[in-house]
Amino acid sequence: MKNLVISPAIEGKLILKHQLSRKDVEQCFINRARSYLIDDRLQHQTEPPTEWFISENDRGILIKVVFIFDDGLIYLKSAFPPNSIEICIYNTISVPY
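Below, the structure is looked at part by part. None of the values given here were measured: they were computed from a predicted structure.

### Concerning the side chain of D24
Structurally, the position occupied by D24 is in helix α2 (residues 22–31). A distance of 2.9 Å separates a polar atom in the side chain of D24 from a polar atom in the side chain of R59. Those residues in contact with D24 that sit more than four places away from it in its chain are Q19, N57, R59 and I63.

Written out as structure tokens, the structure is:
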């Protein structure tokens, strides 16, 4: 995904804290089967809005991907294993394709 932008700081956190790579995140975008959701929590509001989704990578690991889409580019904010509340919210609110 040439339009996926990951800062060195975010990439380092992915690797060190969550043992995830750029490839894992790209696979989640490809494997996604439900819609994006907008993070409307006050402390996470951005312009353009912060969006997120939950999907599996090719190894079957469930990952929450948080990003901002701006002018054709996807700026990754974070990616990590979701908790049970996030999974429930996503499965309840998101729309399957």
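### Looking at α2
Within the span of α2, buried status applies to D24, V25, E26, Q27, C28 and F29. The inward-facing, buried residues of α2 abut β1 (4–5), α1 (8–18), β3 (50–56), β4 (62–70) and β5 (73–80).

### Some points on the packing of aromatic side chains
Enumeration over the complete set of coordinates arrives at seven aromatic pairs. Here the aromatic rings of F29 and F53 are separated by 4.9 Å at their centres, their planes lie at 65 degrees, and the arrangement is edge-to-face. Here F53 lies in strand β3 and F29 lies in helix α2, a separation of 24 residues in the sequence. Looking at F53, the relative accessible area reads 0%, which means it is buried. Judged by centre distance (5.5 Å) and plane angle (50 degrees), the rings of Y36 and F53 are tilted. One end of the pair, Y36, is in the loop between α2 and β2 (37–38); the other, F53, is in strand β3, and 17 residues separate them in sequence. Between the NZ or CZ atom of R32 and the centre of the ring of F53, over which it lies, the distance is 5.7 Å. Positioned over the ring face of W52 is K64, at 4.4 Å from the centre of the ring.

### Here's the deal with the nonpolar core
L4, L14, V25, F29, F53, V65 and L76 are the most contacted members of the largest nonpolar core, which totals 21 residues. Secondary structure elements with two or more residues in this core: α1, α2, β3, β4 and β5. Ignoring any residue separated from it by four or fewer positions in sequence, one finds V25 in contact with L4, L14, V65, L76 and A79.

### Details of the sheet that holds β4
Taken together, the five strands give an open sheet; going across it, the order is β1-β5-β4-β3-β2, and neighbouring strands pair in mixed fashion. Strands at the two margins of the open sheet, each flanked by one partner only, are β1 and β2. Relative to β5, β4 is paired through seven bridges, and the arrangement is antiparallel. Looking at the pairing, D70 lines up with L73 of β5. Contacting β2, β3, β4 and β5, helix α3 (residues 84–93) runs over the sheet at an angle of about 100 degrees to β3.

Calculation rules
- Residues numbered from 1 in each chain as written.
- Predicted model: local features only at pLDDT ≥ 70, side-chain atom pairs only at ≥ 80, totals over all residues.
- Heavy atoms only, no water.
- Helix = DSSP H or I, 4+ residues; strand = E, 2+ residues; numbered from the N terminus.
- Polar contact = N/O pair within 3.5 Å; in protein donor to acceptor, adjacent residues only side chain to side chain.
- Contact = heavy atoms within 4.5 Å.
- Buried < 20%, exposed > 50% of the residue type's maximum accessible area, 1.4 Å probe, protein only.
- Phe/Tyr/Trp six-rings, centres within 6.5 Å; stacked < 30°, edge-to-face > 60°.
- Lys NZ or Arg CZ within 6 Å of the ring centre and 35° of its normal.
- Core = buried A, V, L, I, M, F, W, Y, C linked by side-chain atoms within 4.5 Å.
- Pairing = 2+ DSSP bridges.
- Axes fitted to C-alpha atoms, helices over the stretch in contact; angles between N-to-C directions.

So far we have only geometry, and geometry alone does not tell us how the molecule works.
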